[in-house]
Amino acid sequence: MNQEYEQHDGRDLAEDGSQDEAEATRRDAGDAESSRASRGWWDRNADEYQSEHGAFLGDDRFVWGPEGLDEAEAELLGPAGSLKGRDVLEIGAGAAQCSRWLAAQGARPVALDLSHRQLQHALRIGGGVPLVEADAGALPFRDGSFDLVCSAYGAVPFVADPVRVFREVRRVLRPGGRWVFSVTHPIRWAFPDEPGPEGLSVAASYFDRTPYVEQDERGRAVYVEHHRTLGDRVRDVVAGGFRLVDLVEPEWPAWNSQEWGGWSPLRGNLIPGTAIFVCEREE
């Protein structure tokens with residue numbers, strides 16, 4: 001799972017390796033700028049991310065989001081027994097934790113990520129899952145290569161044109177194939193990204209689709225995240241050639257006491273933090 005959210009420490013690396021203060025703003029950011037920013041941000045921050053969240057993610061666990069919803073229980077890709085022999089593509093795989101779980105069920109996963117450094121962590125953990133470094137908007141696979149495609153907070157929140165990604169996913173899926181992805185729940189964009197009480201009051205318009213951008217002193221984006229409303233996401237799914245089968249909004253479980261960015265038991269018991277879209281390819 002390759003996930004990061006709106007709250008950062010405001011620092012990023014300059015070209016000479018020094019630390020610069022990154023300015024947080026809301027402005028337009030297109031495909032090329034978003035992709036370049038995401039690759040750079042994840043390459044620079046992969047070590048810290050895996051160090052901070054690796055214990056929660058595990059080495060071979062399939063978690064859909066900070067709530068801790070586990071695919072072993074949710075079965076959004078299908079019953080675990082049905083995964084044996086299935087060709088599965090994980091997009092935004094990070095260190096390929098989800099792919100390792102899929103392999104343990106007998107599936108044939110491929111873990112794809114934009115970040116070279118994240119994939120180095122996948123190599124460090126091991127497990128023999130095939131790794132591919134590529135952009136989700138230009139998947140380097142033949143038509144109809146996979147039975148299932150999944151993404152736990154990977155790629156979709158960070159791309160300017162999600163429909164382009166969805167159409168690529170449809171292209172590499174076999175007829176009737178399933179595409180399941182999780183993103184920050186769209187309602188969260190109206191609230192401050194804070195885990196405590198200060199994160200419970202609406203502070204912005206839910207309908208403002210202006211991307212969240214962190215930029216360096218020259219105005220170059222170093223991190224970009226895109227907001228789509230719930231309706232936008234549904235329309236994007238349909239425009240990408242899919243049928244929406246289910247929309248899952250995980251509730252915060254009693255066992256999960258951790259805070260992760262703006263995710264926390266306090267907020268999770270009151271408002272949804274994650275949206276999981278379960279889609280099937282139209283024939």
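First, a word on scope: everything that follows refers to the structure included in this document.

This next bit is on the sheet that holds strand E8 (residues 173-184). Spatial ordering of the open sheet is given by E6-E5-E4-E7-E8-E12-E11, a layout of seven strands whose pairing is mixed. Of all the strands in the sheet, the pair left with one neighbour each is strand E6 (131-133) and strand E11 (242-248). Taking the axes of each pair of neighbouring strands and ignoring which way they run, one obtains an average angle of 20° across the sheet. Relative to strand E5 (residues 108-113), strand E4 (residues 87-91) runs parallel, the two being bridged by five bridges. Bridge pairing links Glu 90 to Ala 111 in E5. Across the face of the sheet, helix H5 (residues 162-172) comes into contact with E4, strand E7 (146-152), E8, E11 and strand E12 (274-281) while running at roughly 145° to E8.

If you walk across this open sheet you meet the three strands as E3-E9-E10, and the pairing is antiparallel. On the outer flanks of this sheet lie strand E3 (23-26) and strand E10 (221-225), each paired with one strand and no other. The sheet shows a mean angle of 20° between the axes of neighbouring strands, direction not considered. With four bridges joining them, strand E9 (residues 212-215) and E10 adopt antiparallel strand pairing.

Right, let's talk about the pairing of E9 for a bit. By the alternation rule, side chains of E9 split into Tyr 212 and Glu 214 and Val 213 and Gln 215, which are all buried. Bridging between E3 and E9 involves four bridges; their strand directions are antiparallel. Bridge pairing in E9 places Thr 25 opposite Val 213. From the end of E9 to the start of E10, which pair antiparallel, there are five residues, and Gly 219 there has a positive phi angle of about 85°.

Thresholds, definitions, all that
Residues numbered from 1 in each chain as written. Predicted model: local features only at pLDDT ≥ 70, side-chain atom pairs only at ≥ 80, totals over all residues. Heavy atoms only, no water. Pairing = 2+ DSSP bridges. Helix = DSSP H or I, 4+ residues; strand = E, 2+ residues; numbered from the N terminus. Axes fitted to C-alpha atoms, helices over the stretch in contact; angles between N-to-C directions. Contact = heavy atoms within 4.5 Å. Buried < 20%, exposed > 50% of the residue type's maximum accessible area, 1.4 Å probe, protein only.

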